[in-house]
Amino acid sequence: MGRCARINNLDIYHKKMDGDNVQENAVVLCKKCYEKSRYNKDSVSSPPPFSLLTKIYAKILAEYRCECRSEKGCH
Ligand SMILES: [Zn+2]
Ligand SMILES: [Zn+2]
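What you are looking at is a predicted structure, and each value in this text was computed from that prediction instead of being measured.

Conventions used here
- Residues numbered from 1 in each chain as written.
- Chains lettered and ligands numbered in written order.
- Predicted model: local features only at pLDDT ≥ 70, side-chain atom pairs only at ≥ 80, totals over all residues.
- Heavy atoms only, no water.
- Helix = DSSP H or I, 4+ residues; strand = E, 2+ residues; numbered from the N terminus.
- Contact = heavy atoms within 4.5 Å.
- Buried < 20%, exposed > 50% of the residue type's maximum accessible area, 1.4 Å probe, protein only.
- Pairing = 2+ DSSP bridges.
- Donors = N, O, S within 2.8 Å, 3.2 Å for Na, K, Ca; no water.
- Tetrahedral: all angles 85-135°; square planar, octahedral: opposite > 155°, others 65-115°.

Caption draft 1: Expanded view of the environment of P48. Secondary-structure assignment places P48 in the loop between α1 (31-36) and α2 (52-61). For the pair formed by P48 and H14, sequence separation is 34 residues and the distance between their alpha carbons is 9.3 Å. Discounting chain neighbours no more than four positions away, the residues touching P48 are H14, G19, D20 and N21.

Set out below in C-alpha cells:
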C-alpha cells in the first residue's frame, strides 16, 4: 500500500470537524491530498485551531510526511 511521499506544503488538519483541537484529531496532509480528502468536505463550521505545539507534535509523529494513505495510490 502506498503512502503519499510529498513533504512540501504540509499542514495540520482536523480529522473531525466537530472534534477538538487535540493531537488525536490532527492529521498531517499536503495541500493536494487535503483538497482531495474527505476532511475537506464537511467543513461547515471551523473547529478550534490547533496550538503550535500540537502542530509540531503532529508533524513529528507523521515523520514530516503527508499522512494520506489513499488505496488507489497518491493523487
Ligand atoms: Zn499528500
Ligand atoms: Zn494522497
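Caption draft 2: Looking closely at the pairing of strand β1 (residues 10-14). Here β1 lies mainly inside the structure; four of its five residues are buried. With five bridges joining them, β1 and strand β2 (residues 26-30) adopt antiparallel strand pairing. For Y13, the partnering residue across the bridge sits in β2 and is V27.

Caption draft 3: Representation of the side chain of T54 within the structure. Secondary-structure assignment places T54 in helix α2. If we skip the residues at most four places from it in the chain, T54 touches N21, V22 and Q23.

Caption draft 4: Local environment of the coordination of the zinc ion (ligand 1). Donor atoms from the polypeptide that bind the zinc ion (ligand 1) are C4 (SG), C30 (SG), C33 (SG) and C66 (SG), placed at 2.3 to 2.4 Å. Given four donor atoms and angles of 102 to 116° at the metal, the environment of the zinc ion (ligand 1) is assigned as tetrahedral. Positions of the donor residues of the zinc ion (ligand 1) along the chain correspond to the pattern C-x25-C-x2-C-x32-C. Owing to a relative accessible area of 0%, C66 belongs among the buried residues under this scheme.

Caption draft 5: Molecular detail of the pairing of β2. The buried fraction of β2 amounts to five of the five residues, a majority that puts the element mostly inside the structure. Both faces of β2 are covered, namely the face carrying A26, V28 and C30 and the face carrying V27 and L29.

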